[in-house]
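Descriptive analysis of the structure
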Amino acid sequence: MVHIHVHENWRLPDCAATEEQDYLSRREMLARMGLGLGAMSLLGLPGCSTEENARDPFGPRTIPAGGKPELAPGAPLQAAMKPGYRKANRRLSREDLVLRFNNFYEFSLDKEEVWKLAQRLETQPWSVEIAGLVDNPRTLDLEDLERLVPPEERVYRFRCVEAWAMTVPWIGLPLGALIDKLGVQDKTRYVRFHTFLRPEQAPNQNLESGYAWPYYEALTIEEARNELSLLAIGLYGKRLSRQNGAPIRLVVPWKYGLKNIKSIVRIEFVEKRPPTFWNAIAPDEYSWHSNVDPSVPHLRWSQASEKLLGSGIRVPTKPYNGYGEQVAGIYRP
Ligand code: MTE
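Everything in this summary refers to the structure shown in the same document. (Residues numbered from 1 in each chain as written. Predicted model: local features only at pLDDT ≥ 70, side-chain atom pairs only at ≥ 80, totals over all residues. Heavy atoms only, no water.)

Re the sheet that holds strand E8 (residues 216-220)
With mixed pairing, five strands are arranged side by side in an open sheet as E4-E3-E12-E7-E8. Both edges of this open sheet fall to strand E4 (138-141) and E8, since each of them pairs with a single strand only. Strand-to-strand twist across the sheet, computed as the mean angle between neighbouring axes with direction ignored, equals 20 degrees. Note: strand E7 (residues 190-195) against E8, five bridges, orientation antiparallel. Its bridge partner lying in E8, Arg-192 is registered against Ala-218. Taken strand by strand, helix H7 (residues 175-182) contacts strand E3 (127-132), E4, E7, E8 and strand E12 (264-270), and its axis lies near 135 degrees from that of E4. (Pairing = 2+ DSSP bridges. Helix = DSSP H or I, 4+ residues; strand = E, 2+ residues; numbered from the N terminus. Axes fitted to C-alpha atoms, helices over the stretch in contact; angles between N-to-C directions. Contact = heavy atoms within 4.5 Å.)

With respect to the packing of aromatic side chains
In this structure the tally under the stated criterion is 21 aromatic pairs. Summarising the aromatic geometry, the rings of Phe-104 and Phe-196 are spaced 6.2 Å apart at their centres and angled 55 degrees between planes, so their arrangement reads as tilted. On the criterion of sequence distance, the pair formed by Phe-104 in the loop between helix H4 (95-98) and helix H5 (114-117) and Phe-196 in the loop between E7 and E8 is long-range, its members being 92 residues apart. Side by side, Phe-104 and Phe-196 carry an identical accessibility label, which is buried. Aromatic side chains Tyr-320 and Tyr-331 sit 5.6 Å apart centroid to centroid with 10 degrees between the ring planes, which places their arrangement in the stacked category. Taken as a pair, Tyr-320 in the loop between strand E14 (314-316) and helix H10 (324-331) and Tyr-331 in helix H10 lie far apart in primary sequence, eleven residues in all. Looking at Tyr-331, the relative accessible area reads 23%, which means it is partly exposed. Pairwise contacts between aromatic rings join Tyr-105, Tyr-211, Trp-213, Tyr-215, Tyr-216, Phe-277, Trp-278 and Tyr-286 into one cluster. (Phe/Tyr/Trp six-rings, centres within 6.5 Å; stacked < 30°, edge-to-face > 60°. Buried < 20%, exposed > 50% of the residue type's maximum accessible area, 1.4 Å probe, protein only.)

Focus: the site of the ligand
The ligand sits among 19 residues. The nearest are Tyr-105, Glu-106, Asn-244, Arg-249 and Lys-262. For the ligand, an oxygen atom lies 2.7 Å from a polar atom in the side chain of Arg-249. In isolation the ligand has 540 Å² of accessible area, and contact with the protein removes 100% of it. (Near = heavy atom within 4 Å. Polar contact = N/O pair within 3.5 Å; in protein donor to acceptor, adjacent residues only side chain to side chain. Areas by Shrake-Rupley, 256 points an atom, 1.4 Å probe, with all protein chains shown as cover.)

Describing the pairing of E3
Looking at chain direction, E3 and E4 are connected through four bridges and run antiparallel. Bridging from a neighbouring strand, Val-128 pairs with Leu-140 of E4. As consecutive antiparallel partners, E3 and E4 are separated by five residues. Bridging between E3 and E12 involves four bridges; their strand directions are parallel. Within the sheet, the bridge partner assigned to Glu-129 lies in E12 and is Arg-266.

Some remarks on the pattern of salt bridges
Under the definition given, this model contains 16 salt bridges. One salt bridge in this structure joins Asp-144 and Arg-147, with 2.9 Å as the shortest N-O distance. Highlighted residues: Asp-144 and Arg-147, both in helix H6 (residues 142-148), separated by three residues, approximately one helical turn. Looking at Asp-144, the relative accessible area reads 23%, which means it is partly exposed. Taken together, the shared-partner salt bridges connect Arg-90, Arg-159 and Glu-306 into one network. (Salt bridge = Lys/Arg side-chain N within 4 Å of Asp/Glu carboxyl O.)

Section: the nonpolar core
Judged by nonpolar contacts, the single largest core of 76 residues is most densely connected at Trp-170, Phe-193, Leu-231 and Phe-269. Sort the elements by how many residues they give to this core and strand E6 (residues 164-174) lands first, with six residues. Excluding residues within four positions of it along the chain, Trp-170 makes contact with Glu-152, Glu-153, Arg-154, Tyr-156, Phe-158, Leu-230, Ala-232, Gly-234, Leu-235, Leu-240, Arg-249 and Val-251. (Core = buried A, V, L, I, M, F, W, Y, C linked by side-chain atoms within 4.5 Å.)

A few points about H7
Restricting attention to buried positions, one finds in H7 the residues Leu-175, Gly-176, Leu-178, Ile-179 and Leu-182. Buried residues of H7 fall within an arc of 160 degrees about the axis and therefore sit on the same side. Positive phi shows up at Gly-183, right after H7, with a value of about 70 degrees. (Arc of directions from axis to C-beta.)

Considering unusual backbone geometry
The amide bond that connects Gln-124 to the next residue, Pro-125, takes the cis arrangement and shows omega of -5 degrees. For Pro-125, the position within the fold is in the loop between H5 and E3. For the bond from Trp-213 to Pro-214, the omega torsion is 0 degrees, close enough to zero to count as cis. For Pro-214, the position within the fold is in the loop between E7 and E8. In this structure, Ala-163 is a non-glycine residue whose phi angle is positive, near 70 degrees. Relative to the elements of secondary structure, Ala-163 occurs in the loop between strand E5 (152-159) and E6.

What follows is the structure in structure tokens.
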């Protein structure tokens, strides 16, 4: 990305990946106990001293007045695994790395600083405005959204435009099912997403940073309705951490990571193609669609291969990040 700094020390040895089996069996064990790590922290159980809590990348477990512990970042979250999405032909990335190596420019341009600064983000209360070409424009909170569409779990590969990649188990609401419930009008051609604007919580959202906040993204209505498109609310069996886009973010795994907008506050259905954040800043470097395409290099680096987060291993990049079977039909003339 523009002004991006990739530190050398995130390149850890091969062992820095979680076997799917380890993650699932640990989670199932905690579920049987009726606990997740978030719950253990909330209860102040051993292994969750105040000092460790302060270092916890999920952030402080204090619940704001009127807030709900079960909605706090890091609280346990269970959802049925979507058949066919239990594996993504790659080892899962290590959870602690996924929580400490982030792009969230509202907080910092330094990927390893984001998780600390993002703890300032207040995620309760949170609501999402549903606007534009819908029969019934309204404002929904997280629980309303989850009532409309039951969450499910899916393991996806994720490819950043900066040529690093991870594989993670998201929990989210299928966007197509949500669109069906919202009464979207026929003339809708695009879906527009907006992040919060809170300079008092997100230090980089100030005039000096030079970016046109808030972050905004968009999909065509066909892309939004595709079975892969997810509004994620969880990761690794827990509510999303702030640095990963709490409490709700977009996940579109055949596109570069920059399309996966975090901490959404507004979803708008429109007829005309809306601008998108990075495409408006540098159209020669970031296309509007930003579909993963190994044959089109970025102006400053190749997109032919990608490094797996935490391992340093470089693997070839596939068109549409390997999801061509599900999405290529969208782009056929
Ligand atoms: N969303 C917002 N609001 N702000 C951002 O800076 N960065 C994007 C995307 N969503 C970004 C965002 C980019 S460039 C990437 S690669 C992914 O978030 C990173 O997601 P992760 O930190 O969960 O890995």
